[in-house]
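Each chain is listed here by its residues.
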Amino acid sequence: MRTHRRNMQLIGGWLSDFLPKGLYARALIIIIAPIVVLEGVIAFVFMERHWQAVTRRLSEATARDIAALIDIYEEYPKRDDYSQLIEMARDRLSLSMQVLPPGDLPAPRPKPFFALLDRALSDEVRKQVQKPFWIDTVGQSRHVEIRVKLENAILRFVATRSQTYASNSHIFLLWMIGSSVILLTVAILFLRNQIRPILRLAEAADAFGKGRKVAEDFRPRGAREVRQAAVAFLEMRDRITAQVEQRTTMLAGVSHDLRTILTRFKLELALLGDSPEAISLQADVREMQDMLEDYLAFAKGDGGEESTPTNLNQLLQDIYEEAQYYDTHIELKMRKRRRDIVLPLKRQAFKRAITNLVSNAIRFGDHVIIRGAVEGQWVRIEVDDDGPGIPEAERANVFRPFYRLDHARNQDEGNTGLGLAIARDIAKSHGGDITLGESSMGGLRAIISVPL
């Protein structure tokens, strides 16, 4: 039982590898396969029963006519020229008859590829005549030649194919194939129109998932179920957009109020002078302001920014130039420099994600390398450093908000544990992700990947 189940699983896996993966192709197979099977069964039954039976009946009648003419010939007066017999064969039986001198029959002709007529006629002549004979069903396209060897002559008979063969049966096959082609054409066109709304819905959902603008001409189309799915998608998009806008508005108000309070703190501390207590409080206020900016940036996400075509080469160059203010050796390496990489991005949000990765690398390393390249349908950006790195067991945890890894990388006082969380959130809003690994310099490698 287990062996049988395993074999069925192997067969199923093998078939799934060869079968098409798309809905359009699978739907075509669902439509075409039954038609092909049905036509095959009908054609087999027709050929096996009707066509073959009619051909055998016609061959039997022709063989009987030839046998009757041979019997008459053998009883015919020898001194006659057989003109009456030849006329009777022509007028009554539609057979062309000739009396040839005695001799040997011609060599057997090659059998036709489709030998139904040759086989059926040979069997009937052998059964009815019971004398040596020779048949040619290939030489003349519209006629069949039969020669029968007698003791003192060879009788040559020529009959039309319609007498021995159901020659109009191909009309049935042509009608069947022609009607099937018409039905399949109509089905393919109809199916394409039904599949197109599904593809448009998939494209709209993919664009929305990547933070890109949905096409303005997108609207519910197609069958009722597809329209329901499209309406549900549009309602979901509107709810998510409204929620994001509401959250953004609320956070903008909170940010304004808290910044106002921090500004008053700074003014009051400035009036206290440069006492040790005031300097300490000013440091705390700056740290609080940095932490507040990080919290608001994480909660705000991409801030509703729309995607626009962005030159990634220029974006990485800007980040590289801004990072020169740090006292760290930084390199920028772009593959395929001759071709600019342009893709739709939320430029400010994506720049913040890469800047967070670069800032983390600068905080813990002395040498940072930024690489950008295109691999297939993905853009890959790597940020390598030579710092202490992160243990593999902790790489998933560092993306959690407010998670700090004290024992792996020295904790900075201004570190809120939100840099990587913000970067991954932005990457996922573009349909990508961020992964961590080990760099070629022994430190940490952060890889951000987004689709083109």
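Up top you'll find the structure we're talking about.
Scoring rules and cut-offs
- Residues numbered from 1 in each chain as written.
- Predicted model: local features only at pLDDT ≥ 70, side-chain atom pairs only at ≥ 80, totals over all residues.
- Heavy atoms only, no water.
- Helix = DSSP H or I, 4+ residues; strand = E, 2+ residues; numbered from the N terminus.
- Buried < 20%, exposed > 50% of the residue type's maximum accessible area, 1.4 Å probe, protein only.
- Contact = heavy atoms within 4.5 Å.
- Salt bridge = Lys/Arg side-chain N within 4 Å of Asp/Glu carboxyl O.
- Pairing = 2+ DSSP bridges.
- Axes fitted to C-alpha atoms, helices over the stretch in contact; angles between N-to-C directions.
- Left-handed = near helix turned anticlockwise from the far one by under 90°.
- Nonpolar A, V, L, I, M, F, W, Y, C, P; charged D, E, K, R; others polar.
- Core = buried A, V, L, I, M, F, W, Y, C linked by side-chain atoms within 4.5 Å.
- Polar contact = N/O pair within 3.5 Å; in protein donor to acceptor, adjacent residues only side chain to side chain.
- Phe/Tyr/Trp six-rings, centres within 6.5 Å; stacked < 30°, edge-to-face > 60°.

(A) Structural detail: the overall build of the protein. Helix and strand content of the protein: 11 helices and 11 strands. Expressed as a percentage of its 452 residues, the buried residues of the protein come to 36%. Restricting to contacts in the protein with at least 6 residues of sequence separation, those with at least 24 account for 65%.

(B) Up close: the pattern of salt bridges. In total, this model carries 20 salt bridges according to the counting rule given. Here Arg-126 makes a salt bridge to Asp-123, at a shortest N to O gap of 3.2 Å. Highlighted residues: Arg-126 and Asp-123, both in helix 4 (residues 116-128), separated by 3 residues, approximately one helical turn. Put simply, Arg-424 and Asp-433 hold a salt bridge, and the shortest N to O gap is 3.1 Å. Taking relative accessible area as the criterion, Arg-424 reaches 21% and is therefore assigned partly exposed. Given the relative accessible area of 27%, Asp-433 is considered partly exposed. Residues participating in the shared-partner salt-bridge network are Arg-371, Arg-380, Glu-382, Asp-384 and Arg-445.

(C) Region of the structure containing the environment of Tyr-326. Here Tyr-326 is to be found in the loop between helix 9 (312-322) and strand 6 (329-334). On the basis of relative accessible area, Tyr-326 is assigned to the partly exposed category, the value being 44%. Considered as a pair, Tyr-326 and Ile-362 are 36 residues apart in the sequence and their alpha carbons are 7.7 Å apart. If sequence neighbours within four positions are ignored, Tyr-326 has contacts with Ser-359 and Ile-362.

(D) View of the sheet that holds strand 6. Across the sheet, 5 strands lie side by side as 6-8-9-11-10; this open sheet has mixed pairing. Each end of this open sheet is capped by a strand with a single partner; those strands are strand 6 and strand 10 (433-438). The average angle at which neighbouring strand axes cross in this sheet is 15 degrees, direction not considered. Bridge analysis of strand 9 (residues 378-385) against strand 11 (residues 444-451) gives 7 bridges, and the strand direction is antiparallel. The partner of Asp-384 across the bridge, within strand 11, is Arg-445. This element, helix 10 (residues 347-364), spans strand 6, strand 8 (367-375), strand 9, strand 10 and strand 11 of the sheet and lies at about 25 degrees to strand 9.

(E) Region of interest: unusual backbone geometry. Positioned with a positive phi, Ser-94 is a non-glycine residue whose angle comes to about 55 degrees. Relative to the elements of secondary structure, Ser-94 occurs in the loop between helix 3 (83-93) and strand 1 (96-100). At Gln-130, a residue that is not glycine, the phi angle is positive and equals roughly 60 degrees. Its location among the elements puts Gln-130 in the loop between helix 4 and strand 2 (133-136). On the basis of relative accessibility, which here comes to 66%, the residue Gln-130 falls in the exposed class.

(F) Broad picture of the packing of helix 10 against helix 11 (residues 419-429). Remark: helix 10 packs on helix 11, axes separated minimally by 9 Å, with the N-to-C direction vectors making an angle of 145 degrees. Where helix 10 crosses over helix 11, the handedness of that crossing is left-handed. Mapping the contact onto sequence places Ala-349, Phe-350, Arg-352, Ala-353, Asn-356, Leu-357 and Asn-360 in helix 10 and Gly-419, Leu-420, Ile-422, Ala-423 and Ile-426 in helix 11. A breakdown of the residues in the contact of helix 10 with helix 11 according to their chemical character gives 8 nonpolar, 3 polar and 1 charged.

(G) Seen up close, the pairing of strand 4 (residues 154-160). Of all 7 residues in strand 4, 6 are buried; the element is thus mostly enclosed. Examined bridge by bridge, strand 1 and strand 4 share 5 bridges and lie antiparallel to one another. Bridge pairing in strand 4 places Val-99 opposite Leu-155. The loop that links strand 3 (residues 143-149) with its antiparallel partner strand 4 comprises 4 residues.

(H) Broad picture of the sheet that holds strand 3. Pairing in this open sheet of 4 strands is antiparallel, and the strands run 1-4-3-2 from one edge to the other. Where the open sheet ends on each side, the last strands, each with one partner, are strand 1 and strand 2. Adjacent strand axes in the sheet meet at a mean angle of 15 degrees, parallel and antiparallel pairs treated alike.

(I) The nonpolar core, seen in detail. Counting residues in hydrophobic clusters, the biggest one holds 39 residues, and the most contacted among them are Leu-312 and Phe-350. The biggest single contributor to this core is helix 10, with 8 residues. Discounting residues that sit within four places of it in the chain, Phe-350 has contacts with Leu-312, Leu-315, Leu-345, Ile-381, Ile-426, His-430, Ile-448 and Val-450.

(J) Structural context of the side chain of Arg-156. Assignment of secondary structure puts Arg-156 in strand 4. Since its relative accessible area comes to 16%, Arg-156 is described here as buried. Within the local environment of Arg-156, its side chain forms a polar contact with the side chain of Gln-98, the two groups lying 2.7 Å apart. There is a polar contact of 2.8 Å between the side chain of Arg-156 and the side chain of Glu-145.

(K) Summary view of the environment of Lys-333. Examined against the element boundaries, Lys-333 turns out to sit in strand 6. For the pair Lys-333 and Leu-316, spaced 17 residues apart in the sequence, the C-alpha separation amounts to 9.6 Å.

(L) Focus on the packing of aromatic side chains. Inspection of every chain in the model, using the stated rule, returns 1 aromatic pair. When the centroid spacing of 5.9 Å and the interplanar angle of 85 degrees are considered together, the rings of Phe-218 and Phe-233 count as edge-to-face. Placement of Phe-218 in the loop between helix 6 (169-209) and helix 7 (224-271) and of Phe-233 in helix 7 is noted, with a sequence separation of 15 residues between them. Each member of the pair, Phe-218 as well as Phe-233, carries the same accessibility label: buried.

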